[in-house]
Amino acid sequence: MTVLALGLNHGSAPLDLRGRFAIPLEALGERVQGLRQHLARAQPEVAILSTCNRTEVYVGLPAQGASACPRHAMELAEPALEWLAAHGGTAPAELRHHSYLRA
């Protein structure tokens, strides 16, 4: 499985920006389903970790065929970032400036 991690934390983003991305427990399931639907073409597994100081989105692709290559996982980075930015009420460019990406 190839896993992509996109997030922001106390080291990458100011408090006011991090606060926009904190997801309450009761909304977490809905957000996970929304991200999964947004990336549906790739059929990924997704998870979201959200605390008061960090929000991270994990996207996992099964280890089958070409869809599991790291390059394909990176192609999901921009749609995942756009989805997260929309849910945080900020522009993708601002989120990009204050986030990190690992694959």
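The preceding data block contains the structure.
Keep in mind the model is a prediction, meaning the values are calculated, not measured. (Residues numbered from 1 in each chain as written. Predicted model: local features only at pLDDT ≥ 70, side-chain atom pairs only at ≥ 80, totals over all residues. Heavy atoms only, no water.)

J.: Tell me about helix H4 (residues 77–88), residues and numbers included.
T.: It helps to recall that an α-helix has 3.6 residues per turn; residues three or four apart then point in one direction. For H4, spanning 12 residues, the distance from its first C-alpha to its last is 16 Å, which sits close to the expected 16 Å at 1.5 Å a residue. Buried within H4 are the following residues: Ala77, Ala80, Leu81, Trp83, Leu84, Ala85 and Gly88. Positive backbone phi, at 65°, marks Gly89, one or two positions downstream of H4. (Helix = DSSP H or I, 4+ residues; strand = E, 2+ residues; numbered from the N terminus. Expected span 1.5 Å × (residues − 1). Buried < 20%, exposed > 50% of the residue type's maximum accessible area, 1.4 Å probe, protein only.)

J.: Now, about the side chain of Arg18: what can you tell me, with residues and values included?
T.: Positionally, Arg18 belongs in helix H1 (residues 15–21). Of the side chains with opposite charge, Asp16 comes closest to the buried, unpaired Arg18, at an N-O distance of 7.5 Å. Of the polar contacts made by the side chain of Arg18, one reaches the side chain of Asn53; its length is 3.2 Å. With sequence-adjacent residues up to four places away left out, Arg18 is seen in contact with Leu8, Asn9, His10, Ala13, Cys52 and Asn53. (Lys, Arg positive; Asp, Glu negative; His and termini not counted. Salt bridge = Lys/Arg side-chain N within 4 Å of Asp/Glu carboxyl O. Polar contact = N/O pair within 3.5 Å; in protein donor to acceptor, adjacent residues only side chain to side chain. Contact = heavy atoms within 4.5 Å.)

J.: Break down the side chain of Asn9 for me, citing the residues and quoting the values.
T.: As for its placement among the helices and strands, Asn9 is situated in strand S1 (residues 2–9). A relative accessible area of 19% means that Asn9 is categorised as buried. A polar atom in the side chain of Asn9 sits 2.8 Å from the backbone nitrogen of Gly11. Setting aside residues up to four positions removed in sequence, Asn9 forms contacts with Arg18, Asn53, Arg54 and Tyr100.

J.: Before we move on, can you summarise the nonpolar core with the specific residues and values?
T.: Ranked by size, the top nonpolar core spans 25 residues in total, and within it Leu8, Val59, Leu76, Leu84 and Leu95 carry the most contacts. Here this core gets six residues from one element, more than from any other, and that element is H4. Ignoring anything within four residues of it in the chain, the contact list for Leu84 reads Leu6, Leu8, Phe21, Thr55, Val57 and Leu95. (Core = buried A, V, L, I, M, F, W, Y, C linked by side-chain atoms within 4.5 Å.)

J.: Tell me about helix H2 (residues 25–38), residues and numbers included.
T.: The end-to-end C-alpha separation of H2 is 20 Å, in line with the 20 Å expected for 14 residues at 1.5 Å each. What H2 keeps buried is the set Ala27, Val32 and Leu35. Down the axis of H2, the sector holding all buried residues measures 145°, keeping them to one side. In H2, the exposed residues that point more than 90 degrees away from the buried face are Glu26, Glu30 and Gln37. Against the buried residues of H2 lie strand S2 (45–50), strand S3 (54–61) and H4. (Arc of directions from axis to C-beta.)

J.: Break down the pattern of salt bridges for me, citing the residues and quoting the values.
T.: Oppositely charged side chains can form a pair if their charged atoms are brought close together. Here the structure, examined in full by the defined rule, presents three salt bridges. Glu45 is paired through a salt bridge with Arg36; the nearest N and O atoms lie 3.6 Å apart. Judged by its relative accessible area of 34%, Arg36 falls in the partly exposed class. For Arg54, the salt bridge identified is with Glu56, shortest N-O distance 3.7 Å. By relative accessible area, which is 34% here, Arg54 ends up partly exposed.

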